[in-house]
Amino acid sequence: MPIRQLSETMINQIAAGEVIERPASVVKELVENALDAGAARVEIVTAGGGLNLIRVSDDGLGIPENELALAIARHCTSKLADDIHDIRSLGFRGEALPSIGSVARLSIRSRTASSENAAEIGIDGGRVSAVRPAAANRGTTVEVRDLFFATPARLKFMKGERAESSAIGDVVKRIAIAFPAVRFTLAGPDRSTLELPATDDSPEGRLRRVAQVMGADFPDNAIAIDAMRDGVHLAGHVSVPSFTRANALQQYAYVNGRPVRDKLIAGAIRGAFADVLPRDRHAVSVLFLTLDPAIVDVNVHPAKADVRFRDPGLVRGLIVGAIREALANAGIRAATTGAAGMMAAFRPGAASYAHGGPANGHRSYEAAYRASGFSGFDPARSPQRPLDMGDGFGEDEQAAFDAGPLHSADARAGQNEAAETLLGTALGAARAQVHENYIVAQTRDSLVIVDQHAAHERLVYEALKNALHSRAVPSQMLLLPEIVDLSEEDAERLARHSETLARFGLGIERFGPGAVAVRETPSMLGETNVQQLVRDLADEIADNDTVDTLKERLDRIAATMACHGSVRSGRLLKPEEMNALLRQMEATPGSGTCNHGRPTYIELKLADIERLFGRR
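As the structure is a computational prediction, the values presented were derived from the model and not from experiment. (Residues numbered from 1 in each chain as written. Predicted model: local features only at pLDDT ≥ 70, side-chain atom pairs only at ≥ 80, totals over all residues. Heavy atoms only, no water.)

1. Some thoughts on helix 14 (residues 452-469)
Here is step 1: For helix 14, which comprises 18 residues, the first-to-last C-alpha distance of 26 Å matches the rise-based estimate of 26 Å (1.5 Å per residue) to within 8%.
Here is step 2: Counting buried positions along helix 14 gives 13 out of 18 residues, so the element sits mostly inside the fold.
Here is step 3: For helix 14, the N-terminal capping position is held by Asp451, with its side-chain oxygen 3.2 Å away from the main-chain nitrogen of His453. (Helix = DSSP H or I, 4+ residues; strand = E, 2+ residues; numbered from the N terminus. Expected span 1.5 Å × (residues − 1). Buried < 20%, exposed > 50% of the residue type's maximum accessible area, 1.4 Å probe, protein only. Polar contact = N/O pair within 3.5 Å; in protein donor to acceptor, adjacent residues only side chain to side chain.)

Structure below.
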């Protein structure tokens, strides 16, 4: 087949294959256009999961009548100057509208503030209609019907209506978080209406918008992030370690206001929480990166979902360092969901009462009552009978309650009232130890239950880590150096990090153009697979330019040592020991969770306890 120029319709359909993956992609492009036009209100209506109808209306600047034809032509845009590296808008390619029009029925109706009338243009499967007058308020309304009717093969790859509607909702929420001053409405016969009222661009306004999207629990369990390094600013919120999710869908990241799903950012969040979360749990986060557009490339993906940083190590280090510092500065905090779960467990359900006699004269009750063997009224068994003073007050029966320790507490933390200073601390004063594992403490306005093994495990682990990283890790010399064959690039990367690796006890040096010789390994690792360790390090350096793999292995060993060296369940503690444990927890960063990510304590506020007893 000879080389030939493709038709304009075919070119647009190819572009649509890259940009328009599903209905949610259409919504994303149209909402971004509305925001770039300065809209303060964006309304989205869908039907059939977005396949039958998508309508996006805004109150932005509008499109002049003489520019409508250009708006649906490829590579025509008002958002890009002559410098591709200075992108300050969400859209810039000029591909979305012609791509959508090539695979669907598209109409655009718009009016500017200076125009008396609106104008409308349409595209039907790539065929453009003439511009015609229309009636509309200021702003733009874009309507997309019968998506992919011109490329029916694409319809086979669509999911169900509910799944597509859910994806559209996720896109709108993800964008709405970055624009708290804009009011968003998402409605349609295929969904319940989502309304996100406008707040403002202040940190408090952003947090209110986050609460609208993610629920009120997140602000109550969030830690503020605000850090700056070499011209890169990071702001936002992350959850306390005990407030987690089963997947990473609740992690929102933005680069210069643009929602992104970037593996470097996701990896940095995972690394920052590595010490405090289980492997199958994920932190909840909303992070905003602001930096010079010249040092980040957003033109690496047709849908602009990925970005590339000029200095990825700087960005990763900033995220990891800022989150870890925020977690340390936040002190000891427990998730409010723990108290909610405790409240639910304590809340009484429907009581089941045994009734010994007929109820309300029902025959079924009466039959069961007679079948139970009732033999008539016995005065001697009546609770209203006179006291029999002949045998005293039942000292023998009472003695059974006086013998031995109380079953409600295995140890008591003193009978006197705790000192006022202890009641004012975060974890309060120890009152008792129950079931030989849980410390019950009291503050001025709450009740605290501490898992003594999990808490001490975290304390021992942090002490071991500090000792481990405050000096060079002891190493063991190999009898014969281990030669690891690698690509020349990997060998060069490892050689550049040899000094850092030596501090962790791994001694390597170049051994020819495509190999390294390992002469020392960390003593803590014992017998280890040197070949696999070096290759894992080479892969991580290639991806993130860090050597965290080795550090994480050493930390895992320290965690195992801490687990076996901490206070075990079943050990009785003295009041002084319990209070000392509580004070150590308050002084240790990250002590709200153990090494395995489980919470070390639960706090129940006095107001919640009073609600349980109907006092509030």
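2. With respect to the environment of Leu155
Here is step 1: Relative to the assigned elements, Leu155 resides in the loop between strand 7 (139-145) and helix 5 (161-178).
Here is step 2: C-alpha of Leu155 to C-alpha of Arg22: the two residues are 133 residues apart in sequence and 9.1 Å apart in space.
Here is step 3: Not counting the four nearest positions on each side in its chain, Leu155 is found in contact with Leu51, Leu147 and Phe148. (Contact = heavy atoms within 4.5 Å.)

3. Considerations on the pairing of strand 22 (residues 446-451)
Here is step 1: Side chains Ser446, Val448 and Val450 of strand 22 all project onto a buried face; the interleaved residues Leu447, Ile449 and Asp451 project onto a face where none is buried.
Here is step 2: Here strand 21 (residues 438-442) folds back onto strand 22 in antiparallel fashion, the turn holding three residues.
Here is step 3: The pairing of strand 22 with strand 26 (residues 601-605) spans five bridges and is classified as antiparallel. What sits directly across from Val448, in strand 26, is Glu603. (Pairing = 2+ DSSP bridges.)

4. Comments concerning the confidence of the model for the protein
Here is step 1: Averaged over the protein, the pLDDT score is 82; the fraction of residues at 70 or greater is 82%.
Here is step 2: Under a pLDDT of 50 for its full length, residues 350-375 has, in the predicted model, seven contacts with residues more than four places off or in other chains.
Here is step 3: Predicted confidence for residues 389-395 stays below pLDDT 50, and this span has zero contacts to residues more than four positions away or in other chains. (pLDDT = per-residue confidence, 0-100.)

5. A few points about the sheet that holds strand 13 (residues 251-255)
Here is step 1: Pairing is mixed across the open sheet formed by five strands, whose spatial order is 10-11-16-13-14. Among the strands making up the open sheet, the edge pair consists of strand 10 (222-229) and strand 14 (258-260). Across this sheet, the average inter-strand angle for adjacent strands is 20 degrees, counted without regard to direction.
Here is step 2: Bridging between strand 13 and strand 14 involves three bridges; their strand directions are antiparallel. Residue pairing for strand 14: Tyr254 is matched across the bridge by Pro259. (Axes fitted to C-alpha atoms, helices over the stretch in contact; angles between N-to-C directions.)

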